[in-house]
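Below are the chains, spelled out letter by letter.
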Amino acid sequence: MTYPNMQTFAQYGSGSYLPSDVTVLLDIVDKQTVADIPVSQKEALIQSGQRHYSDMLTLEQAPTAMHEQLYQQALTQGADRTANDIANLAYTLHDIFGQTVDNEQPLVLVSLVRAGLPIGVLLQRALSDDERSDSDSSYALPSVHYGISIIRDRGLDPVALQMILDAYPSSPIVFVDGWTGKGAIYQELERSLRPFNQPNQPHFANIFHQGAGVVPLLTLADPAGVAWLAASNEDWLIPSGLLNSTVSGLISRSLYTEPQSGLHRSVFYEELRAIDHSLAFIEQIDRARQTLQRPMQCLPMYQQPRYRTSGLIDSIAADYHITNRNRIKPTIAEATRAILRRDPERILLACADHPDTLLLRHLCHERDIHISVLGDKILPYHAITLIKQRSKDDC
């Protein structure tokens, strides 16, 4: 097929971010063309195997006043940590790529829509040497930033990836996500990139610049132990994990499109613009980063995934008679998003009153969702949502 060229990139926009922050390679469609499927119906269709989750969308509603308040509390609590983590990630990227990239061959940040977008924008700001950033920083680096879709079971959008490879044939690519849960998205990314994992493949060096088979996935937090580079391996209250589109450029979860038909699709929530936090979140963290006093550090890199929590996931699956691991949503961020977007059966918590799970507990009480407190048994996760079984064969 014929891929769009660089001149057409602008039409895909940047969501509610600045054009200099990111180019989002999604086909933005009118929400009137997307069926608004209620959560319970969507869950039944997914689990029965009748429909894939990426073929349907439950349109987002505005967060409640309590949800907004808890997000602001999380932002106040976590802004400095987020800023420090971004600085350390940028510092490490500079250490790795400082001698090999330039304005003609910039580092290409490819954020995985949606959770990766805020992290990618923050990194792009940190690496940028324009007037908005600290151009004399010790980690300024030529970089560009794109957002593309990845869908479980269906992979990375090959049309979007090829557009980037065609535009930057000599640049290294780093994939950016917000956090890891079980490692499912890492596995999807690894499968999608296998065709490039041959030294004689024209784009091998773009992707496997750290060595054959080393998938360059960067995350803010990596509890699953699968990322190549992460600021920490802890499950903590990442502020951008508590909201959906209103902290991710007003972009919906992506919808699948067959490669011969073009880019994966998304809805832009124009009606939520008045309550959009996307740019405000970026500006607050970016200001905090520029005023950091503590010394930066190079973070460790890993050549292979460690799958630190695979045994724990197996244990949870056995204890609750779950044969489909997709019903298990670990980490505070994933557990929260699952309550908002899916049909949960129960929530597992490590601690009954941990401040990082306040929103989760509020949502559970509001919707009468059972909470089980299991202590150290579920660490390093502080929260896990179990999705309700909707089909007798647990499809």
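I will try to describe carefully the structure that is included in this document. Keep in mind that what you see is a predicted model, and the values were worked out from it rather than measured.

Scoring rules and cut-offs
Counting restarts for each chain, with residues numbered from 1 along the sequence as it is written. Thresholds applied to this predicted model are a pLDDT of at least 70 for local features of residues and 80 or more for the giving and counting of side-chain atom pairs; totals over whole chains, interfaces and linings are not thresholded and use all residues. Side-chain measures here rest on the full set of heavy atoms in the structure, leaving out hydrogens and waters. Helix and strand assignments come from DSSP, with helices taken as H or I runs of at least 4 residues and strands as E runs of at least 2, each series counted from the N terminus. A 1.4 Å probe rolled over the protein chains alone gives each residue an accessible area, and that area as a share of the maximum for its type sets the label: buried under 20%, exposed over 50%, partly exposed in between. Here, residues are in contact when the closest pair of their heavy atoms is within 4.5 Å. Two rings from Phe, Tyr or Trp (for Trp, the six-membered ring) form a pair when their centres are within 6.5 Å of each other. A pair whose planes differ by under 30 degrees is stacked, one over 60 is edge-to-face, and the rest are tilted. One side-chain nitrogen of Lys or Arg within 4 Å of one carboxyl oxygen of Asp or Glu is enough to make a salt bridge. Only strands that DSSP links by at least two bridges are regarded as paired with each other. When the strands point away from the viewer, a crossover counts as right-handed if the path from the first strand over the helix to the second runs clockwise. The arc in question is formed by the directions pointing from the helix axis toward the C-beta atoms. Only buried residues count toward a nonpolar core. Its members are Ala, Val, Leu, Ile, Met, Phe, Trp, Tyr and Cys residues joined through side-chain atoms within 4.5 Å. Note on definitions: the grid is 1 Å and covers protein atoms alone; a cavity is a set of points where a 1.4 Å probe fits but cannot get out; a pocket is an open set with protein on both sides within 12 Å along at least five of seven lines; lining residues have an atom within 4 Å of a point. Grid points are joined across faces, edges and corners, and a volume is the space filled by probe spheres set on the points. We define a polar contact as two N or O atoms separated by no more than 3.5 Å, with the added condition that, inside protein, one atom must be a possible hydrogen donor and the other a possible acceptor, whereas residues neighbouring each other in sequence contribute only through side-chain atom pairs. Axis lines are fitted to C-alpha atoms, over the contacting stretch for helices. Their N-to-C directions set the angle, which ranges from 0 to 180 degrees. To sort the angles, those under 35 degrees are grouped as roughly parallel, those over 145 as roughly antiparallel, those from 65 to 115 as roughly perpendicular, and the leftovers as oblique. For any pair of crossing helices, the crossing counts as left-handed if the nearer helix is rotated counterclockwise from the farther one by less than a right angle, and right-handed if it is rotated clockwise. Note that Gly is not counted as nonpolar here; it falls among the polar residues with everything else outside the nonpolar set of Ala, Val, Leu, Ile, Met, Phe, Trp, Tyr, Cys and Pro and the charged set of Asp, Glu, Lys and Arg.

1. Re the side chain of Thr92
Phase 1 of the analysis: Checked against the element boundaries, Thr92 lands in helix α2 (residues 65–97).
Phase 2 of the analysis: Relative accessible area serves as the criterion here: at 1%, Thr92 is assigned to the buried category.
Phase 3 of the analysis: For Thr92, the contacting residues outside a window of four places in its chain are Leu229, Gln297, Cys298 and Leu299.

2. Focus: the packing of aromatic side chains
Phase 1 of the analysis: Applying the stated rule across the entire model yields three aromatic pairs.
Phase 2 of the analysis: With centroids separated by 6.5 Å and ring planes inclined at 75 degrees, the aromatic side chains of Tyr186 and Tyr307 adopt a geometry described as edge-to-face. Placement of the pair is Tyr186 in helix α5 (residues 184–193) and Tyr307 in the loop between α7 (278–290) and α8 (310–319), with a sequence separation of 121 residues.
Phase 3 of the analysis: A residue is classified by how much of its surface remains accessible, and Tyr186, at 8% relative accessible area, is buried.

3. Looking at the pattern of salt bridges
Phase 1 of the analysis: Going through the model one piece at a time under the given rule, you end up with 17 salt bridges.
Phase 2 of the analysis: Connected through shared salt-bridge partners, Asp21, Arg125 and Glu283 make up one network.

4. A few points about the pairing of strand β12 (residues 370–373)
Phase 1 of the analysis: The pairing of strand β11 (residues 344–349) with β12 spans four bridges and is classified as parallel. Residue pairing for β12: Ile347 is matched across the bridge by Ile371.
Phase 2 of the analysis: Viewed along the sheet, the connection from β11 through helix α10 (residues 358–367) into β12 turns out right-handed.

5. Regarding α8
Phase 1 of the analysis: Within the span of α8, buried status applies to Leu312, Ile313, Ile316 and Ala317. On an axial view of α8, the arc spanned by its buried residues comes to 135 degrees, and they lie on one face.
Phase 2 of the analysis: Buried residues in α8 make contact with β10 (328–330), β11 and β13 (383–387).
Phase 3 of the analysis: Two residues or fewer after α8 comes His321, characterised by a positive phi angle close to 55 degrees.

6. Regarding the nonpolar core
Nonpolar side chains tend to gather and get buried jointly when the protein is soluble and globular.
Phase 1 of the analysis: Of all hydrophobic cores here, the largest spans 50 residues; its most connected members are Leu93, Phe97, Leu107 and Leu123.
Phase 2 of the analysis: Breaking this core down by element, the ones donating at least two residues are α2, β3 (107–113), α3 (116–127), β6 (173–179), β7 (217–221), β8 (229–232) and α7.
Phase 3 of the analysis: With 11 residues, the single largest contributor to this core is α2.
Phase 4 of the analysis: Among residues more than four places away in sequence, those in contact with Phe97 are Leu107, Leu141, Pro172, Val174, His209, Gln210 and Trp228.

7. Comments concerning the layout of surface pockets
A water-sized probe rolled over the atoms picks out the places where empty space is left.
Phase 1 of the analysis: Of the voids in this model, the largest pocket is the one considered here, and its volume is about 490 Å³.
Phase 2 of the analysis: Contributing to the lining of the largest pocket are 25 residues, with Glu60, Gln61, Asn244, Leu340 and Arg341 lying nearest its centre.
Phase 3 of the analysis: Those elements that provide at least two residues to the lining of the largest pocket are α1 (39–47), α9 (332–341) and α10.

8. Considerations on unusual backbone geometry
Phase 1 of the analysis: At the junction of Val113 and Arg114, the peptide bond is cis and its omega measures out at 10 degrees in the coordinates.
Phase 2 of the analysis: Following the sequence through the fold, Arg114 ends up in the loop between β3 and α3.
Phase 3 of the analysis: Look at Leu250: it is not a glycine, yet its phi comes out positive at around 65 degrees.
Phase 4 of the analysis: With respect to the helices, strands and loops of the structure, Leu250 is situated in the loop between β8 and β9 (265–267).
Phase 5 of the analysis: The phi angle at Tyr307 is positive, at roughly 50 degrees, despite the residue not being glycine.
Phase 6 of the analysis: In this structure Tyr307 comes out as partly exposed when scored by relative accessible area, which is 28%.

9. Here's the deal with the side chain of Arg114
Phase 1 of the analysis: Under the relative-accessibility criterion, Arg114 is labelled buried at 5%.
Phase 2 of the analysis: A polar atom in the side chain of Arg114 sits 2.9 Å from the backbone oxygen of Ile251.
Phase 3 of the analysis: In contact with Arg114, not counting residues within four places along its chain, are Glu60, Asn244, Ser245, Ser248, Ile251, Ser252, Arg253 and Arg341.

10. Here we look at the packing of α9 against α10
Phase 1 of the analysis: At a minimum axis distance of 10 Å, the contact between α9 and α10 shows a crossing angle of 25 degrees. One finds that α9 runs roughly parallel with respect to α10. Note that α9 runs across α10; the crossing there is left-handed. Residues Ile332, Ala335, Thr336, Ile339 and Leu340 of α9 touch α10, and the partners they reach there are Leu359, Leu360, Leu363, Cys364 and Arg367.
Phase 2 of the analysis: A breakdown of the residues in the contact of α9 with α10 according to their chemical character gives eight nonpolar, one polar and one charged.

11. With respect to the packing of α2 against α10
Phase 1 of the analysis: The contact between α2 and α10 brings their axes to 10 Å, and the two run at 165 degrees. Between α2 and α10, the crossing angle belongs to the class labelled roughly antiparallel. Crossing hand, α2 versus α10: right-handed. Contact with α2, carried on its side by Met66, His67, Leu70 and Gln73, involves Leu358, Leu359 and His362 of α10 and no other residues of that element.
Phase 2 of the analysis: Of the residues in the contact of α2 with α10, the class split is four nonpolar, three polar and no charged.

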